[in-house]
Amino acid sequence: MKQSYSLARLLTALPILISSSTPLFAHEAWLLTPAEIEDLSRAPIPDLFRSQLWLGVAAAVGFALTLVALRLEPVIAAVEYRVITPIWKRYGDIGPLALRFGLAVMMLLAAFGGLPRHGTEIWTTPTFLVPDMQLTTVAGAQALIIVQIAIAMLLIAGLATRICGVAVIGLSLAGVAIFGPGFWNYTPHFAAPGFILIALGGGRFSCDHIWNLDAVEALVAPHRQVLWRMSHILIGAGFVYLGLAYKLMQPTLLIAILEHGNMPTFGLPMPIIALVMTGVEVLCGALLVTGRLVRPVALAILGAVTFLAIVLGETPLFHANLYGALFVILLAGRNVPVAHRPARFSRVGAV
């Protein structure tokens, strides 16, 4: 009877838990000190995460829910066609604009120390894209600060947008060379926005039109859909990897973060909440990789990131790269249409 009651509470809270599931990969290093992370990594893993039975049950439930969602995909697609597709056709160029500004603000704040990790005074320690990649001990840090500022200013103006996209991908890879393998945690979720910028260009209020870049547009156009799908695959693969490598294998870190933010538990044990969040993140990532239900998944993650920011009392700018990328995916869906290029301020697909 007690087990049935716990299961009933879990099923009742499941929709809320799903909405609160979000990529927590960065928060370990952003909200916990290195000493706390080291201690938690050695702490005993909750029994729930060591039980093959309950992990199997969780996997079976997740698989069943995914099958149901996929069965409903044609219905969801019909609703998307009526509701979202017209918005994309008319206002889709706002997506790349939002992505440009999201990346630009994130880079500017990082360059000036405006996105510090927990325990670091704001505006004192410049970072490289994310809060825990501090530049104070990096040789040539001044050059990296200038590069971030320069790319940010070009993105705000919408100048050489596709080149900036290539540069963002380059920075996401350079982080591995500068900070070591730990930066791979961030690379997919910064490379993906770069691919989106290359595929779609600057969007609304882009100044790319002042240059004649017909050759660039002609080069990109045949590969637009491939670039677009690459962005989905990178974002999804990042979620899958981080969900498995960190939340499933090191749940004590996730639980500590949730407790740090006093996240509501709905009367459920924290390990159950952590397991549900882990499963949903992995499933959302897998759906993005396979190109299924991409708009609902993008909407779910956007809501989840916002929910977690509110719960933890942090700025959403920590995830501005994902906000921008997922907003564009929410508007465009799986197959981005090729738009005609107007004479002046560019629309979706323009240079």
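Let us look at the structure shown here. (Residues numbered from 1 in each chain as written. Predicted model: local features only at pLDDT ≥ 70, side-chain atom pairs only at ≥ 80, totals over all residues. Heavy atoms only, no water.)

## Focus: the overall build of the protein chain
Here is the rule: Secondary structure is summarised from DSSP: a helix means a run of H or I of at least four residues, a strand means a run of E of at least two, and numbering begins at the N terminus for each. Only protein chains enter the accessibility calculation, which uses a 1.4 Å probe; a residue whose area is less than 20% of its type maximum is buried, one above 50% is exposed, and one in between is partly exposed. In this description, accessible areas are obtained by the Shrake-Rupley approach with a 1.4 Å probe, and a residue is regarded as covered only by the protein chains that are shown.
A count of helices and strands for the protein chain gives 16 helices and zero strands. Across the 351 residues in the protein chain, those meeting the buried criterion constitute 51%. When the accessible area of the protein chain is evaluated, it comes to approximately 15800 Å², of which 71% is carbon and sulfur surface.

## Overview of a nonpolar patch on the surface
Stated precisely, the cut-off is as follows: Here the term patch refers to residues with relative accessible area over 30% and no salt bridge, with like charges joined within 9 Å and nonpolar side chains (Val, Leu, Ile, Met, Phe, Trp, Tyr) within 5 Å. Take a side-chain nitrogen of Lys or Arg and a carboxyl oxygen of Asp or Glu: if they are within 4 Å of each other, that pair is a salt bridge.
A surface patch of nonpolar side chains, amounting to about 580 Å² of accessible area, comprises Val68, Leu72, Val75, Val79, Val83, Ile87 and Tyr91. By residue number, the principal contributor to the nonpolar patch is helix H6 (residues 73-91), which donates five residues. Among the structural elements, isoleucine 87 can be located in helix H6. By relative accessible area, which is 37% here, isoleucine 87 ends up partly exposed.

## What to know about the packing of aromatic side chains
The test is simple: Aromatic contacts are taken between Phe, Tyr and Trp rings whose centres are within 6.5 Å, Trp giving its six-membered ring; a plane angle under 30 degrees counts as stacked, one over 60 as edge-to-face, and the others as tilted.
The final tally for this structure, using the stated rule, is five aromatic pairs. Ring centres 5.8 Å apart and planes at 50° place the aromatic pair phenylalanine 128 and phenylalanine 183 in the tilted group. One end of the pair, phenylalanine 128, is in the loop between helix H7 (94-111) and helix H8 (141-157); the other, phenylalanine 183, is in the loop between helix H9 (161-179) and helix H10 (187-200), and 55 residues separate them in sequence. Within the aromatic cluster, the residues linked to one another by ring pairs are Phe128, Phe179, Phe183 and Tyr186.

## Description of the environment of leucine 115
This is how it is decided: Working rule for contacts: check all heavy atoms of both residues, and any pair within 4.5 Å makes them a contact.
Relative to the helices and strands, leucine 115 is located in the loop between H7 and H8. For the pair leucine 115 and phenylalanine 128, spaced 13 residues apart in sequence, the C-alpha to C-alpha distance is 9.9 Å. The contact partners of leucine 115, leaving out residues within four places of it in the chain, are Met106, Leu109, Thr127, Pro131, Thr315, Leu317 and Phe318.

## A short note on helix H14 (residues 270-290)
For an α-helix the count is 3.6 residues per turn, leaving residues at separations of three or four pointing the same way. Selection criterion: Take the residue count of a helix, subtract one, and multiply by 1.5 Å to get its expected span.
Counted at 1.5 Å a residue, the expected span for H14 with its 21 residues is 30 Å, and the 30 Å between its end C-alpha atoms agrees. Where H14 terminates, the next one or two residues include glycine 291, which has phi positive at roughly 75°.

## Looking at the layout of surface pockets
To keep things clear, this is the line we draw: Cavities and pockets were defined on a 1 Å grid built over protein atoms only: a cavity is a set of grid points that admits a 1.4 Å probe from which the probe cannot escape, a pocket is an open set flanked by protein on both sides within 12 Å along at least five of seven lines, and lining residues are those with an atom within 4 Å of any such point. Grid points are joined across faces, edges and corners, and a volume is the space filled by probe spheres set on the points.
Taken as a whole, the second largest pocket holds about 300 Å³ of empty space. Around the second largest pocket, the lining is made up of 16 residues, and of these Ala77, Glu80, Arg295, Gly333 and Arg334 lie nearest the centre. Listing elements by their share of the lining of the second largest pocket, those giving two or more residues are H6 and helix H15 (294-312). Per-element accounting of the lining of the second largest pocket gives the leading share, seven residues, to H6.

## Comments concerning the packing of helix H5 (residues 52-71) against H6
The condition that has to hold: Between the N-to-C directions of two axes lies an angle of 0 to 180 degrees, each axis being a line fitted to C-alpha atoms and, for a helix, fitted only over the stretch in contact. Angle categories are assigned with fixed cut-offs, so that under 35 degrees is roughly parallel, over 145 is roughly antiparallel, 65 to 115 is roughly perpendicular, and the rest are oblique. Note on residue categories: nonpolar means Ala, Val, Leu, Ile, Met, Phe, Trp, Tyr, Cys or Pro, charged means Asp, Glu, Lys or Arg, and polar means any other residue, Gly included.
At a minimum axis distance of 4 Å, the contact between H5 and H6 shows a crossing angle of 50°. Classed by the angle they form, the pair H5 and H6 counts as oblique. When H5 is examined against H6, the residues Ala69, Leu70 and Arg71 are found in contact with a partner set consisting of Glu73, Pro74 and Ile76. A per-class count over the contact of H5 with H6 returns four nonpolar, no polar and two charged.

## Here's the deal with the pattern of salt bridges
A complete count under the given rule lists eight salt bridges for this structure. For arginine 42, the salt bridge identified is with aspartate 39, shortest N-O distance 3.1 Å. On the criterion of helical spacing, the pair formed by arginine 42 and aspartate 39 is a turn pair, its members being three residues apart in helix H3 (residues 34-42). Taking the relative accessible area as the measure of exposure, arginine 42 reaches 56% and is therefore exposed. On the basis of relative accessible area, aspartate 39 is assigned to the partly exposed category, the value being 46%. Residues arginine 224 and glutamate 217 are paired through a salt bridge, measuring 2.8 Å at the closest nitrogen-oxygen approach. Among the charged side chains, a salt-bridge network with shared partners connects Arg162, Glu217 and Arg224.

## As for the side chain of threonine 252
Within the secondary structure layout, threonine 252 lies in helix H13 (residues 251-260). We classify threonine 252 as buried; its relative accessible area is 11%. In this view, threonine 252 contacts Leu40, Ser41, Ala43, Pro44, Ile45 and Pro46; residues no more than four positions away in its chain are not counted.

## Considerations on the side chain of lysine 247
Let me state the cut-off plainly: Two N or O atoms form a polar contact when they lie within 3.5 Å of each other; inside protein one atom must be a possible hydrogen donor and the other a possible acceptor, and for residues adjacent in sequence the pair counts only when both atoms belong to side chains.
Structurally, lysine 247 can be placed in helix H12 (residues 224-248). Here lysine 247 falls in the buried class, since its relative accessible area comes to 1%. Side-chain polar atoms of lysine 247 contact the side chain of glutamate 281, separated by 3.3 Å.

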